[in-house]
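Inside the fold
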Amino acid sequence: MTIYKAIAAVLVTAALAGCAQTEGQQRAGTGALIGGAGGALVGQAIGGNTKSTVIGAASGALLGAVVGSATTPQRRGEQLCRYQDRDGRIYTAPCDDRYYNGDY
């Protein structure tokens, strides 16, 4: 019976991960799902009991969410750069290709 509860928990987590609004939230949810599953397997392999499996799943989910969130790529339109025109006025605008290529 506990295997059915575990499967149900994984399915509910996967369904909720799909409801995320931004790409960062989706990546964090997917990372938590994958990390939790991997952590549960490692916890079971190391400890061989329920307590170590739960600790491994929780640790893996936390680490997976952090890594998924941290590795979300920045979109080009979100970065603002400071420019100076010929008259010396400084203004901000979305960054151009020089910023992303390192030629600034």
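Structure shown above.
Everything in this summary refers to the structure shown in the same document. (Residues numbered from 1 in each chain as written. Predicted model: local features only at pLDDT ≥ 70, side-chain atom pairs only at ≥ 80, totals over all residues. Heavy atoms only, no water.)

Let's shift gears to the overall build of the protein chain. Of the regular secondary structure elements, the protein chain holds four helices and two strands. In the protein chain, the order of α-helices and β-strands from amino to carboxyl end is α-α-α-β-β-α. Relative to its 104 residues, the protein chain shows a buried fraction of 20%. Within the protein chain, contacts between residues at least 6 apart in sequence are counted, and of these 33% link residues at least 24 apart. Here the protein chain has roughly 7900 Å² of accessible surface; of this, 62% comes from carbon and sulfur atoms. (Helix = DSSP H or I, 4+ residues; strand = E, 2+ residues; numbered from the N terminus. Buried < 20%, exposed > 50% of the residue type's maximum accessible area, 1.4 Å probe, protein only. Contact = heavy atoms within 4.5 Å. Areas by Shrake-Rupley, 256 points an atom, 1.4 Å probe, with all protein chains shown as cover.)

Now for the environment of S69. When you line up the elements, S69 lands in helix α3 (residues 50-70). S69 sits 37 residues away from A32 along the chain, and the two C-alpha atoms are 9.7 Å apart.

Right, let's talk about α3 for a bit. In this model α3 runs 30 Å from its N-terminal to its C-terminal C-alpha over 21 residues, within 8% of the 30 Å that 1.5 Å per residue would give. Residues S52, G56, G60, G64 and G68 constitute the buried set of α3. On an axial view of α3, the arc spanned by its buried residues comes to 115 degrees, and they lie on one face. Facing away from the buried surface of α3 by more than 90 degrees, the exposed residues are K51, V54, L62 and A70. Here the buried face of α3 lies against α2 (23-47). (Expected span 1.5 Å × (residues − 1). Arc of directions from axis to C-beta.)

Among the structural elements, Y91 can be located in strand β2 (residues 90-94). Linking Y91 and C81, residues 10 residues apart in sequence, is a C-alpha distance of 8.4 Å. Setting aside residues up to four positions removed in sequence, Y91 forms contacts with C81, R82, Y83, Q84 and D85.

Secondary-structure assignment places C95 in the loop between β2 and α4 (97-101). Residues C95 and Q79, 16 residues apart in the sequence, show an inter-C-alpha distance of 6.0 Å.

On to the pattern of salt bridges. Under the defined criterion, the tally for this structure stands at two salt bridges. Between D85 and R89 there is a salt bridge; the shortest N-O distance is 3.0 Å. The partner of D87 in a salt bridge is R89, with the nearest N and O atoms 3.3 Å apart. We note that D87, like R89, is exposed. The structure contains a network of salt bridges with shared partners spanning D85, D87 and R89. (Salt bridge = Lys/Arg side-chain N within 4 Å of Asp/Glu carboxyl O.)

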